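Fold and contact review
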Amino acid sequence: MIPYGRQSISDKDVAAVVDVLRSDFLTQGPAVPRFEQALRAACKAPHAIAVNSATSALHIACLALGLGPGKRFWTSPNSFVASANAGRLCGADVDFVDIDPDTLNMSTTQLSDRLEQARRDDTLPHIVMPVHFGGQSCDMRSIHALSDEYGFRVIEDASHAIGAIYDGARVGDCRYSDACVFSFHPVKIITTGEGGAVTTRDPALANRLGMLRSHGVIRDAGQMTHDSDGPWYYQQIDLGLNYRMTDLQAALGTSQIARLDRFVKERHDLAARYDEAFGQLPLRRQRRDAANRSALHLYPVQLDPALPDRASLRLRLFDMLRKDGIGVNVHYIPIHTQPYYRALGFNDGHCPEAESYYQGALSLPLHPQLTRTEQSHVILSLRNGLRTLGLS
Ligand SMILES: *Cc1c(COP(=O)(O)O)cnc(C)c1O
């Protein structure tokens, strides 16, 4: 089966992890700050805090920005459940802002309208979390302008988007947000096995994130409530978690991040070939903004929204491709339609654009290990599938 996404591991990556296994530290030791330094350099961000997953990173970013019960948190329905769960884990009320049907990212028009209404109702959100779907940045300039106007904080879920460029600079530099989160799960752009990170420009926020990642404990005498009892002394000053990254993961991350630009370039070369092959087919593609650079985590296509009974056509196409050995996938089931969120009161129709996109969506294989031959097989199989369905 040709997977939709897959890690790319070199001999150097293997050697970097083996070196750590033979060193004094397995969990957070010297390799973690080295990886954080590499992340700062790659994103041009002043602070980076590495943790054990993007889910953890989203959770402590929300906590550190003061999200809690009685506060509101808005995100995109077209994402992995972890984006919304970050708000729920803090006890906040979660809501979803529908997507733009072309970019598949949170619609800034919808966001603006919803904020206007929320101001009238006195229900403004404390945090808005845009998600850079497929690796393409949201319209962060507009979201930042809205955050100034309505007074909310912004956390970017850039789990798909390390290596992307927005407005002439790296996603993750936090020019238009309070914090930015990356995932290093093996299907993402670079991997640490499991892993994630938060970047920020705010030194106080970075300090809080570091404290929350490790039990709410500090060892710096300057931050303690009274004089240290001695060299062994630490203080717990808040309720934190154990979200630490291991040195094994960090060493892999440092080795991987050296190839970040090459990985993104390889994804672009493959995507250009798909673009060319699909120009004539009845498929909608995610509109990519030529002025910016997507990290191209995903290559999503969508059956023409005008087709009747699109969901069953998509299911048949999915099955045909899988039978041909192609690991197509679907990103994403709109989060608000999950049973957990339905139980909180969400219904179909809450985000019609995300729901409509989901009915016709398929993600095709896209990763640096995908060979030209495999890609030709994907293209041919998709063409044949559409013909069998009478769509081309
Ligand atoms: C993968 C992903 C996450 C969660 O990442 P983990 O590192 O697996 O915790 C969160 N948000 C989005 C959009 C993702 O794709």
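What you see is a predicted model; the values in this text were computed from it and never measured.

**Regarding the overall build of the protein**
Within the protein, the regular secondary structure consists of 13 helices and 16 strands. Here the C-alpha atoms of the protein give a radius of gyration of 22 Å, agreeing with the 21 Å that 2.2 N^0.38 yields for 392 residues. Taken along the three principal axes of its C-alpha coordinates, the protein extends 75 × 60 × 40 Å. Looking at the protein as a whole, 53% of its 392 residues are labelled buried. Taking as baseline every contact in the protein between residues at least 6 positions apart, the subset at least 24 positions apart corresponds to 72%. Summed over its atoms, the accessible surface of the protein is roughly 16,600 Å², and 50% of this surface lies on carbon and sulfur atoms. For the protein, the distance from the average site of its 41 positive side-chain charges to the average site of its 43 negative ones is 5 Å.

**Some points on the side chain of serine 79**
Relative to the helices and strands, serine 79 is located in the loop between β3 (72–75) and α4 (81–89). There is a polar contact of 2.6 Å between the side chain of serine 79 and the side chain of serine 83.

**Points about α4**
When we look at burial in α4, the residues that qualify are Ala82, Ser83, Ala84, Ala86 and Gly87. Of the surrounding elements, those touching the buried residues of α4 are α3 (54–64), β3, β4 (93–96), β5 (127–129), β6 (153–157) and α11 (339–342). Positive phi appears at glycine 91, one or two residues downstream of α4, with a value of about 80 degrees.

**Considerations on the side chain of serine 76**
For serine 76, the location among the structural elements is in the loop between β3 and α4. On the basis of relative accessible area, serine 76 is assigned to the buried category, the value being 1%. Beyond its immediate chain neighbours, meaning those up to four positions away, serine 76 contacts Phe96, Val97, Ile99, Met106, Met129, Val131 and Ile335.

**Some thoughts on the sheet that holds strand β14 (residues 299–303)**
Pairing within the open sheet is antiparallel, and its three strands lie in the order β13-β14-β16. Since the sheet does not close on itself, it has two edges, and those belong to β13 (283–285) and β16 (361–364), each with one partner. This sheet shows a mean twist of 35 degrees between the axes of neighbouring strands, independent of strand direction. Bridge analysis of β14 against β16 gives four bridges, and the strand direction is antiparallel. Counterpart to proline 300 in the pairing with β16 is serine 363. Against the sheet, helix α9 (residues 260–278) makes contact with β13, β14 and β16, and its axis sits at roughly 15 degrees relative to β14, the strand it touches most.

**Structural notes on the nonpolar core**
Counting 48 residues, the largest nonpolar core has Cys62, Phe73, Phe96, Ile155, Val181 and Leu209 as its most contacted members. Of all elements in the fold, only β2 (47–51), α3, α4, β4, β5, β9 (179–183), α7 (203–213) and α12 (352–360) reach the threshold of two or more residues within this core. For this core, the element with the most residues is α3, which contributes seven residues. Excluding its chain neighbours within four sequence positions, the residues that come into contact with phenylalanine 73 are Cys62, Leu67, Ser83, Ala84, Gly87, Ala92, Asp93, Val94, Asp95, Ile127 and Met129. Judged by nonpolar contacts, the second largest core, of 45 residues, contains Leu115, Val128, Phe152 and Ala250.

**Concerning the site of the ligand**
The local shell around the ligand holds 15 residues, among which Thr55, Asp157, His160, Ser183 and Lys188 are the closest. Separating an oxygen atom of the ligand from a side-chain N or O atom of histidine 160 is a distance of 2.7 Å. Within the side chain of serine 183, a nitrogen or oxygen atom sits 2.8 Å from an oxygen atom of the ligand. In the complex, the protein chains occlude 93% of the 380 Å² of accessible area that the ligand would expose alone. Secondary structure elements with two or more residues in the shell around the ligand: α3 and α4. Split by residue class, the shell around the ligand holds five nonpolar, eight polar and two charged.

**With respect to α9**
Taking 1.5 Å of rise per residue, 19 residues should cover 27 Å, and α9 covers 27 Å from first to last C-alpha, within 8% of that figure. All buried positions along α9 are accounted for by Leu260, Phe263, Val264, Arg267, Leu270, Ala271, Tyr274, Ala277 and Phe278. The buried residues of α9 all sit within an arc of 140 degrees when viewed along its axis, so they share a single face. Residues of α9 that are exposed and point over 90 degrees away from its buried face: Arg262 and Glu276.

**A few points about the pairing of strand β10 (residues 196–200)**
Counting buried residues in β10 gives five out of five residues, a clear majority hidden from the surface. Direction of pairing for β2 relative to β10: antiparallel, over a ladder of five bridges. Opposite alanine 50, over in β10, you have alanine 197 as the bridge partner. The pairing of β9 with β10 spans four bridges and is classified as antiparallel. Each residue of the ladder has a partner; that of phenylalanine 182, found in β10, is alanine 197.

Rules behind the numbers
Residues numbered from 1 in each chain as written. Predicted model: local features only at pLDDT ≥ 70, side-chain atom pairs only at ≥ 80, totals over all residues. Heavy atoms only, no water. Helix = DSSP H or I, 4+ residues; strand = E, 2+ residues; numbered from the N terminus. Rg over C-alpha atoms; globule rule 2.2 N^0.38 Å. Buried < 20%, exposed > 50% of the residue type's maximum accessible area, 1.4 Å probe, protein only. Contact = heavy atoms within 4.5 Å. Areas by Shrake-Rupley, 256 points an atom, 1.4 Å probe, with all protein chains shown as cover. Lys, Arg positive; Asp, Glu negative; His and termini not counted. Charge placed at Lys NZ, Arg CZ, Asp CG, Glu CD. Polar contact = N/O pair within 3.5 Å; in protein donor to acceptor, adjacent residues only side chain to side chain. Pairing = 2+ DSSP bridges. Axes fitted to C-alpha atoms, helices over the stretch in contact; angles between N-to-C directions. Core = buried A, V, L, I, M, F, W, Y, C linked by side-chain atoms within 4.5 Å. Near = heavy atom within 4 Å. Nonpolar A, V, L, I, M, F, W, Y, C, P; charged D, E, K, R; others polar. Expected span 1.5 Å × (residues − 1). Arc of directions from axis to C-beta.

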